[in-house]
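# Survey of secondary and tertiary structure
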Amino acid sequence: MAKIFVLYSKPADTAAFDAYYFDKHVPLAKTLPGLRSYEVSAGAVGTPQGPSDVHLIAILTFDSMEAIGAAFASKEGQATVADVGKFAQAGVQILMSDTRTV
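Throughout what follows, the structure given in this document is the object of discussion.

Let us look at the overall build of the chain. Regarding its fold elements, the chain presents three helices and six strands. Starting at the N terminus, the α and β elements of the chain follow one another as β-α-β-β-β-β-α-α-β. Scaling as 2.2 N^0.38, a compact globule of 102 residues should have a C-alpha radius of gyration of about 13 Å, and the chain matches this with 14 Å. For the chain, the C-alpha atoms occupy an extent of roughly 35 × 35 × 20 Å along the three principal directions. In the chain, which comprises 102 residues, the proportion classed as buried is 31%.

Here we have four strands laid out as an open sheet, ordered β2-β5-β1-β6, and antiparallel in their pairing. Strand pairing shows two members of the sheet lacking a second neighbour, β2 (37–40) and β6 (92–98), which therefore form its edges. Recorded for the sheet is a direction-independent mean angle of 15 degrees between the axes of neighbouring strands. Strand contacts of helix α1 (residues 14–29): β1 (2–9), β2 and β5 (54–62), with the helix running at about 10 degrees to β5, the strand carrying the most contacts.

A few words now on the side chain of S74. Mapped onto the elements, S74 comes out in the loop between α2 (65–73) and α3 (75–84). Side chain to side chain, S74 and E76 meet in a polar contact 3.3 Å long.

Thresholds applied
Residues numbered from 1 in each chain as written. Predicted model: local features only at pLDDT ≥ 70, side-chain atom pairs only at ≥ 80, totals over all residues. Heavy atoms only, no water. Helix = DSSP H or I, 4+ residues; strand = E, 2+ residues; numbered from the N terminus. Rg over C-alpha atoms; globule rule 2.2 N^0.38 Å. Buried < 20%, exposed > 50% of the residue type's maximum accessible area, 1.4 Å probe, protein only. Pairing = 2+ DSSP bridges. Axes fitted to C-alpha atoms, helices over the stretch in contact; angles between N-to-C directions. Contact = heavy atoms within 4.5 Å. Polar contact = N/O pair within 3.5 Å; in protein donor to acceptor, adjacent residues only side chain to side chain.

And the structure:
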């Protein structure tokens with residue numbers, strides 16, 4: 001499996017971020033071809049040292065890195081990427097990797 005980890009920085013207005021993210025962005029992202037699962041953090045995101053500057057973490061699972069590439073090359077993928085700029089003004093970090101069970 002391959003995963004995308006999206007770390008959204010804390011916005012100035014968390015209620016507005018959450019409303020847009022869950023009402024508009026999640027339904028759009030769920031149209032990505034090949035998406036196997038979509039998880040988000042629940043509650044505060046912390047570190048071993050305490051609070052973090054991350055508001056929300058999304059984890060999207062695909063069959064492979066190639067499937068991720070195909071998903072984001074699609075019209076749905078292009079629309080999903082374009083949508084991020086509409087609500088994530090505080091910043092976003094996107095990481096991708098193959099995974100394995102150990």
